[in-house]
Amino acid sequence: MSLERQINVKTPAQIKIMREAGHINATILARVRELLQPGVTTADLNAAAEETLKSFGCVSPFKGYGQPPYPASITVSINDEMVHGIPHPKRKLKNGDLVSIDCGTIHEGYVADSAFSAGVGEISSAAAHLLEVTEGALYAGIEKMRSGNRTGDVSAAIQEYVESRGLQVTREYTGHGVGKKMHEGPQVPNVGMAGSGVLLRPGMTIALEPMVLIGTYETRVLPDRWTVVSADGSLTAHFEHTVAVTEGDPLILTVPQPQQTTV
Ligand code: MG
Ligand code: MG
C-alpha cells in the first residue's frame with residue numbers, strides 16, 4: 001500500500017499523547033546535545049539516549065528497524081554523513097565536527113521523531129552557515145503546515161529557502177506522516193511545487209526533515225547499508241520536528257512541554 005493511503009488523522013487525545021512523546025524525545029536530544037564534546041564516542045551518545053529513554057519507560061522506533069535491522073536507538077552522522085550513521089565505540093567526536101543526531105521515541109504506542117545538527121567546539125563559517133540554513137528551512141516548512149495548504153507548499157518553501165541561500169537539499173529523503181508508525185502518509189519531499197500534493201487537514205501529524213548539503217545534492221549509502229553520505233564528500237546537516245496541523249497555527253510536538261504541576 002502506498003504511503004498516501006496511510007494518512008491517519010489524529011484526534012485531540014491522540015495528539016496529546018504525541019506531545020508527551022515529543023517532550024520525551026526533546027529531553028533525550030537535549031541530553032545528547034550536552035555531551036557533544038571532543039573525545040566523546042558516538043556509542044556514548046547512544047548510551048545516554050538509551051538511558052534517558054529507559055527512565056521514561058519508552059523504547060526507540062529505530063532499534064531493529066529495516067533491513068539489516070538498525071542496531072541503535074539514535075543515529076549519529078558526522079560531517080559528510082547526512083543521516084543514518086551508526087554509533088560506534090571507536091568513533092570519537094573531534095573539534096570542528098558537524099554532528100547530526102536523529103532520535104525517535106515510542107510512548108503509549110505513538111512515535112515522536114526529531115533531529116538536530118550542531119558543531120563540536122569551533123566550526124568553520126561554512127558549517128555555521130549550513131546549520132543556520134538547514135534549521136531555517138525546517139521552520140520555513142513548518143510555517144506552511146496549515147490546513148488548506150498542500151504538501152507541495154511545504155516542499156517548495158523548504159527548497160526555496162535552501163537554494164536561495166546557495167545550498168542544496170536532498171532529493172532522495174523526505175519528510176513523512178508519523179503516528180502509531182514511524183512512517184505514515186503523506187510523504188513530504190524537501191523539493192516540490194507549491195499548490196501540488198496532498199491537502200493538509202487538522203489532525204495530520206508530519207515529521208518535516210530538510211537535509212541540506214554544501215555541494216551536490218547527490219548521496220550514496222555506505223557498505224554498512226545505513227549510513228548516507230554526500231556523493232562529493234561535502235558537509236551536510238539535518239533538522240527535524242514532528243508537527244501537527246491544527247485549525248490555526250502549526251503545533252510543533254517535539255519540543256519540551258511545560259512542567260505539569262500537581263495540586
Ligand atoms: Mg528522524
Ligand atoms: Mg523522520
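To be clear, the structure that these remarks concern was listed above.
What counts, and at which threshold
- Residues numbered from 1 in each chain as written.
- Chains lettered and ligands numbered in written order.
- Predicted model: local features only at pLDDT ≥ 70, side-chain atom pairs only at ≥ 80, totals over all residues.
- Heavy atoms only, no water.
- Donors = N, O, S within 2.8 Å, 3.2 Å for Na, K, Ca; no water.
- Helix = DSSP H or I, 4+ residues; strand = E, 2+ residues; numbered from the N terminus.
- Pairing = 2+ DSSP bridges.
- Axes fitted to C-alpha atoms, helices over the stretch in contact; angles between N-to-C directions.
- Parallel < 35°, antiparallel > 145°, perpendicular 65-115°, else oblique.
- Left-handed = near helix turned anticlockwise from the far one by under 90°.
- Contact = heavy atoms within 4.5 Å.
- Buried < 20%, exposed > 50% of the residue type's maximum accessible area, 1.4 Å probe, protein only.
- 1 Å grid on protein atoms, 1.4 Å probe; cavity = no way out; pocket = protein on both sides within 12 Å on 5 of 7 lines; lining within 4 Å.
- Points joined across faces, edges and corners; volume = space filled by probe spheres on them.
- Nonpolar A, V, L, I, M, F, W, Y, C, P; charged D, E, K, R; others polar.

Which residues make up the coordination of the magnesium ion (ligand 1), and what are the values?
The magnesium ion (ligand 1) binds to the protein through Asp 102 (OD), Asp 102 (OD), Asp 113 (OD) and Glu 240 (OE); the donor distances cover 2.0 to 2.4 Å. The motif formed by the donor residues of the magnesium ion (ligand 1), counted along the single chain, is D-x10-D-x126-E. In this structure, the magnesium ion (ligand 1) is positioned 3.2 Å from the magnesium ion (ligand 2), and both are ligated by Asp 113. Placement of Asp 102 in strand 3 (residues 98–107) and of Glu 240 in the loop between strand 12 (236–238) and strand 13 (241–244) is noted, with a sequence separation of 138 residues between them.

Could you give an account of the sheet that holds strand 10 (residues 219–221), with specific residues and numbers?
Strand order in this open sheet of 3 strands is 2-11-10, and the pairing throughout is antiparallel. Strands with a single pairing partner mark the edges of an open sheet, and in this sheet they are strand 2 (81–83) and strand 10. The average angle at which neighbouring strand axes cross in this sheet is 40°, direction not considered. Pairing of strand 2 with strand 11 (residues 228–230), which is carried by 2 bridges, proceeds in the antiparallel orientation. Residue pairing for strand 11: Val 83 is matched across the bridge by Val 228.

Give me the lowdown on the coordination of the magnesium ion (ligand 2), citing residues and values where you can.
Asp 113 (OD), His 176 (NE2), Glu 209 (OE) and Glu 240 (OE) make up the full set of protein donors to the magnesium ion (ligand 2), lying at 2.1 to 2.2 Å. If you list the donors of the magnesium ion (ligand 2) from N- to C-terminus, the spacing comes out as D-x62-H-x32-E-x30-E.

Run through the packing of helix 3 (residues 125–143) against helix 4 (residues 151–163), naming residues and quoting values.
Running from N to C, helix 3 and helix 4 point in directions that differ by 155°, and their axes come no closer than 8 Å. One finds that helix 3 runs roughly antiparallel with respect to helix 4. Like other packed secondary-structure pairs, helix 3 and helix 4 cross with a definite hand, here right-handed. Listed contacts from helix 4 to Val 133, Gly 136, Ala 137, Ala 140 and Gly 141 of helix 3 are Val 154, Ala 157, Ile 158, Tyr 161 and Val 162.

An account of the pairing of strand 4 (residues 110–119) is needed here, citing residue identities and associated values.
Along strand 4, 9 of the 10 residues are buried, which leaves the element largely enclosed by surrounding structure. In terms of strand pairing, strand 3 meets strand 4 through 10 bridges, oriented antiparallel. Note that in strand 4 the partner of Val 99 across the bridge is Ala 118.

Describe the layout of surface pockets, and please don't skip the residues or the numbers.
Approximately 360 Å³ is the volume found for the largest pocket. Around the largest pocket, the lining is made up of 20 residues, and of these His 84, His 176, Met 182, His 183 and Glu 209 lie nearest the centre. Here the residues of the lining of the largest pocket are counted per class, giving 8 nonpolar, 7 polar and 5 charged.

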